[in-house]
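Spelled out, the chains give:
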Amino acid sequence: MSKGEETRKTVLEAAVDAAASGGLASLTIGSLAERTGMSKSGLFAHFKSKEALQVQVLEFAGEAFVQDVILPALAAPRGEKRITVLFESWLRVSRDGRAECLFTSAAWEYDDQPGPVRDRLIRMYLDFNDSVCQMFRTGIAEGFFAESADPEQFAHDLHGIMLIHFQAHHLLGDAKAEERARHAFARLIDSNR
């Protein structure tokens, strides 16, 4: 990795941390310069605008999410095992990760804000949803789930479980958040067999 790439990675890690705790909308080149000790002009040379910075932060966090959630699932055997690894990896990221904080808060911040940041968030959500649906379709094709099961509904319900887990864990500090999420996931799997 070149020095420039290392610097960019370090800056984007700091930006993900800042956006996860303070919101993506509040992330600016100026606030990032203060956080990293770099000059505004140096950061501007990397990102060109606040919007471009925010989109790159989403993409950087998205790459980490793929590494931490999608790839472990794809490495697991097809069917129920793959879906379970996806859920367990997502649960761990939801509990411990910065990216989940960022995506959840950014969805609320940008749900009614047209532009490149919202467009990127939507594309990332749709791509992830497609991945979940495809994993589930493979499970149907290989006999792990009922032929009548609906992959879109499954993805929707799984996302709902993860969103409420995130809220229960982070906002409410519910000590049973993970247990409740696992119980809901087990019911979702059972209902699709």
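The paragraphs below set out a description of the structure included in this document. What you see is a predicted model; the values in this text were computed from it and never measured.

### Quick look at the packing of helix 4 (residues 50–75) against helix 5 (residues 80–96)
- Remark: helix 4 packs on helix 5, axes separated minimally by 7 Å, with the N-to-C direction vectors making an angle of 160°. Here helix 4 is positioned roughly antiparallel relative to helix 5, judged by the angle of their axes. Remark: the crossing between helix 4 and helix 5 carries right-handed chirality. Side by side, helix 4 and helix 5 meet where F65, D68, V69, I70, P72, A73 and L74 of the first sit next to R82, V85, L86, S89, W90, R92 and V93 of the second.
- Class assignment for the residues of the contact of helix 4 with helix 5 results in ten nonpolar, one polar and three charged.

### Quick word on the nonpolar core
- Of all hydrophobic cores here, the largest spans 59 residues; its most connected members are L24, L27, V57, L86, L102 and L158.
- Looking at which element gives the most residues to this core, the answer is helix 4, with ten residues.

### Overview of the side chain of Q56
- One can find Q56 in helix 4.
- There is a polar contact of 3.0 Å between the side chain of Q56 and the side chain of R8.
- In contact with Q56, not counting residues within four places along its chain, are R8, L12, H46 and F47.

About the thresholds
- Residues numbered from 1 in each chain as written.
- Predicted model: local features only at pLDDT ≥ 70, side-chain atom pairs only at ≥ 80, totals over all residues.
- Heavy atoms only, no water.
- Axes fitted to C-alpha atoms, helices over the stretch in contact; angles between N-to-C directions.
- Helix = DSSP H or I, 4+ residues; strand = E, 2+ residues; numbered from the N terminus.
- Parallel < 35°, antiparallel > 145°, perpendicular 65-115°, else oblique.
- Left-handed = near helix turned anticlockwise from the far one by under 90°.
- Contact = heavy atoms within 4.5 Å.
- Nonpolar A, V, L, I, M, F, W, Y, C, P; charged D, E, K, R; others polar.
- Core = buried A, V, L, I, M, F, W, Y, C linked by side-chain atoms within 4.5 Å.
- Buried < 20%, exposed > 50% of the residue type's maximum accessible area, 1.4 Å probe, protein only.
- Polar contact = N/O pair within 3.5 Å; in protein donor to acceptor, adjacent residues only side chain to side chain.

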